Amino acid sequence: MGVDKLKLAIFISGRGSNMLSIIKACKSANFPAEIALVLSNHPDAKGLIIAQNEGIPTEVVDHKGYDRRENFEAEISSRLTKYDLDLIILAGFMRILTANFVEQWPRRMINIHPSLLPDYKGLNTHQRAINDGKAEGGCNVHYVTPDLDSGPVILQKRVSILPDDTAATLSDRVLEQEHIAYPEAIEIIAKTL
Ligand code: GRF
């Protein structure tokens, strides 16, 4: 009823299942956001095909074409100016962004990370949690700050780690929670912006 929806850019590098969970959420009339753009650093990311089939504009900025991270990010920033964006969503985007880029989007860039932060920042989160005998794993949606996987947490979902879990089985169960968490986090943010 006259309330503008948040305009999202989703950054991906691969299969894009979290992106798809947000696409589905955006189909609900009451969801407070819409996707303006999906951007990938991999030209062959499977998620790009999903986005294109949904009629969502896509951009590819292949990091391999840039010898400096700053130049890669400058090209991303240039592409973003074509869209009227409110929020950047990192959804399996596997490039570390510099402080210079992150600081252009204060409280306007969020990430999903598959561990119970502050534990297990970085990669191989599920195997590390299993190796340490943890009882629980999970995921968080958090604001992006210059320190990797360290920004304020918006919400967290927890799952039990079962005795016979492998990194793959735990990852599957956490991913189900990620797909719930990301749309919920966007709804939370929409109330604050
Ligand atoms: C997810 O597990 C996410 O937490 C991590 O990368 C994975 C991306 O999966 N950052 P997808 O591309 O969204 O399917």
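Conventions we followed
Residues numbered from 1 in each chain as written. Predicted model: local features only at pLDDT ≥ 70, side-chain atom pairs only at ≥ 80, totals over all residues. Heavy atoms only, no water. 1 Å grid on protein atoms, 1.4 Å probe; cavity = no way out; pocket = protein on both sides within 12 Å on 5 of 7 lines; lining within 4 Å. Points joined across faces, edges and corners; volume = space filled by probe spheres on them. Helix = DSSP H or I, 4+ residues; strand = E, 2+ residues; numbered from the N terminus. Nonpolar A, V, L, I, M, F, W, Y, C, P; charged D, E, K, R; others polar. Salt bridge = Lys/Arg side-chain N within 4 Å of Asp/Glu carboxyl O. Buried < 20%, exposed > 50% of the residue type's maximum accessible area, 1.4 Å probe, protein only. Near = heavy atom within 4 Å. Polar contact = N/O pair within 3.5 Å; in protein donor to acceptor, adjacent residues only side chain to side chain. Areas by Shrake-Rupley, 256 points an atom, 1.4 Å probe, with all protein chains shown as cover. Phe/Tyr/Trp six-rings, centres within 6.5 Å; stacked < 30°, edge-to-face > 60°.

Asks: Talk me through the layout of surface pockets; I want residue IDs and the actual numbers.
Replies: By volume, the largest pocket is sized at about 890 Å³. Taken together, 35 residues line the largest pocket, and the ones lying closest to its centre are Gly92, Met94, Ile112, Pro114 and Leu123. Only helix H1 (17-26), strand S5 (109-113), helix H5 (125-131) and helix H6 (167-192) provide two or more residues apiece to the lining of the largest pocket. Its residues assigned to classes, the lining of the largest pocket comprises 15 nonpolar, 15 polar and 5 charged.

Asks: An account of the pattern of salt bridges is needed here, citing residue identities and associated values.
Replies: With the rule as written, the count across this model stands at 10 salt bridges. A salt bridge links Lys134 to Asp119, with the nearest nitrogen and oxygen atoms 3.8 Å apart. With Lys134 in the loop between H5 and strand S6 (136-143) and Asp119 in the loop between S5 and H5, the pair connects residues that are 15 residues apart, well separated along the chain. With relative accessibility at 33%, the residue Lys134 sits in the partly exposed group. For the salt bridge of Glu184 with Lys157, the shortest nitrogen-to-oxygen distance reads 2.9 Å. Remark: Lys157 occurs in strand S7 (residues 153-160) and Glu184 occurs in helix H6; sequence separation between them is 27 residues. Judged by relative accessible area, which is 30%, Glu184 ranks as partly exposed. According to the relative accessible area criterion, Lys157 is buried, its value standing at 18%. Here the salt bridges share partners, and the residues they tie into one network are Glu59, Glu75, Arg79 and Lys82.

Asks: Explain the site of the ligand residue by residue, including any values.
Replies: For the ligand, the full set of nearby residues is Arg15, Gly16, Ser17, Asn18, Gly92, Ile112, Pro114 and Glu178. Arg15 places a polar side-chain atom, nitrogen or oxygen, 2.5 Å from an oxygen atom of the ligand. Here Ile112 contributes a backbone N or O atom positioned 3.3 Å from a nitrogen atom of the ligand. Out of a free accessible area of 370 Å², the ligand has 84% covered by protein chains.

Asks: Go over the environment of His42, please, and point to the residues and values.
Replies: As for its position among the elements, His42 is in the loop between strand S2 (33-40) and helix H2 (46-53). When its relative accessible area of 24% is taken as the criterion, His42 is described as partly exposed. Residues His42 and Asn71 lie 29 residues apart in sequence; the distance between their C-alpha atoms is 16 Å.

Asks: Tell me what's going on with the packing of aromatic side chains, and back it up with residues and numbers.
Replies: For any pair of aromatic rings, geometry is given as the distance between the ring centres together with the angle between the planes. For the coordinates displayed, the defined rule picks out 2 aromatic pairs. An angle of 65° between the planes, with centres 5.2 Å apart, marks the rings of Phe11 and Phe93 as edge-to-face. Here Phe11 is found in strand S1 (residues 6-12), whereas its partner Phe93 is found in the loop between strand S4 (87-90) and helix H4 (99-102), with 82 residues between them in sequence. Of the two residues, Phe11 and Phe93, both sit in the buried class. Aromatic side chains Tyr66 and Phe72 sit 6.0 Å apart centroid to centroid with 55° between the ring planes, which places their arrangement in the tilted category.

It is worth stressing that arrangement in space is one thing and function is another; only the former is reported here.
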